[in-house]
Amino acid sequence: DMKVTQMPRYLIKRMGENVLLECGQDMSHETMYWYRQDPGLGLQLIYISYDVDSNSEGDIPKGYRVSRKKREHFSLILDSAKTNQTSVYFCASSLGPGQNTLYFGAGTRLSVL
Amino acid sequence: GEQVEQRPPHLSVREGDSAIIICTYTDSATAYFSWYKQEAGAGLQLLMSVLSNVDRKEEQGLTVLLNKKDKRLSLNLTAAHPGDSAVYFCAASVGDNSKLIWGLGTSLVVNP
């Protein structure tokens, strides 16, 4: 079963707290992504990972970091969350370079108060 | 770099009507195009994808047209039904770096 799983689905944090968003995929995909989605702004790429410990900044990496220690698992970390990081975060995966079909998780709705 | 503009941002049609969404892009080297559907509260799902050497592709009531001269990609939902109500995104990729450039989405409502 081809699946991208995101945990948690909903999260409420206070400003300044640390946030960990987790993503797993069962397809042995090499490439994984973190996006955020905000009304009127579409999907913005935060980080892309080409494989274990091979991560690259996307278009809006500031305030975020990522970790990929296993191919099937990709984490997004917010150190000292800010209210403007309230958003819906999507993880996605693809087979590898040049394979542009993305498989998305259901998203994590994060509220930073 | 590549830019993708999508229109309209909102579209309302009646059941059985066609719904057409258009994306324009700037980079003539764009090699890969795709359309995704996002239902309420869910992630995006691939609908169709085409390479730049394809002008037309049809699958299950969906038609994708690619006009390279005008740098325009369109998605036509023929005979839309309420289950097609969702947000639709186009995406384009220039090379093999696995980065997609996304349109801002079209919110489609199909009324019974």
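The structure we're discussing is the one just above.
This section reports on the structure supplied with the text.

Definitions and limits used
Residues numbered from 1 in each chain as written. Chains lettered and ligands numbered in written order. Predicted model: local features only at pLDDT ≥ 70, side-chain atom pairs only at ≥ 80, totals over all residues. Heavy atoms only, no water. Helix = DSSP H or I, 4+ residues; strand = E, 2+ residues; numbered from the N terminus. Rg over C-alpha atoms; globule rule 2.2 N^0.38 Å. Contact = heavy atoms within 4.5 Å. Buried area = accessible area lost by both parts, 1.4 Å probe. Salt bridge = Lys/Arg side-chain N within 4 Å of Asp/Glu carboxyl O.

## Here we look at the overall build of chain B
Along the backbone of chain B there are zero helices and 11 strands. Helices (α) and strands (β) of chain B occur, in sequence order from the N terminus, as β-β-β-β-β-β-β-β-β-β-β. Taken over the C-alpha trace, chain B has a radius of gyration of 13 Å; the compact-globule value for 112 residues is 13 Å, and the two agree within 12%. Along the three orthogonal principal directions, the C-alpha set of chain B runs to about 40 × 30 × 20 Å.

## Brief notes about the environment of B:A42
Within the secondary structure, B:A42 sits in the loop between β4 (32-38) and β5 (44-51). Along the sequence, B:A42 and B:V54 sit 12 residues apart, while their C-alpha atoms lie 30 Å from each other. Sequence-distant contacts of B:A42, that is, excluding residues within four places in its chain, are made with A:F90 and A:A106.

## Structural notes on the interface of chain B and chain A
Across the boundary between the two partners, chain B contributes 18 residues, which contact 23 residues of chain A. Summed over both partners, the interface of chain B with chain A comes to about 1600 Å²; 53% of that surface belongs to carbon and sulfur atoms. In this structure, the connection of chain B to chain A is made through one salt bridge. The residue B:K99 makes a salt bridge to A:D59 at a minimum N-O spacing of 3.7 Å.

## What to know about the environment of B:L62
Residue and element names in this part refer to chain B. Secondary-structure assignment places L62 in strand β7 (residues 62-67). On a C-alpha basis, the gap between L62 and I20 in space is 9.9 Å, while along the polypeptide they are 42 residues apart. Contact partners of L62, with chain neighbours within four places excluded, come to L47, M48, K57, L75, N76 and L77.

These results come straight from atomic positions and should not be treated as a statement about function.
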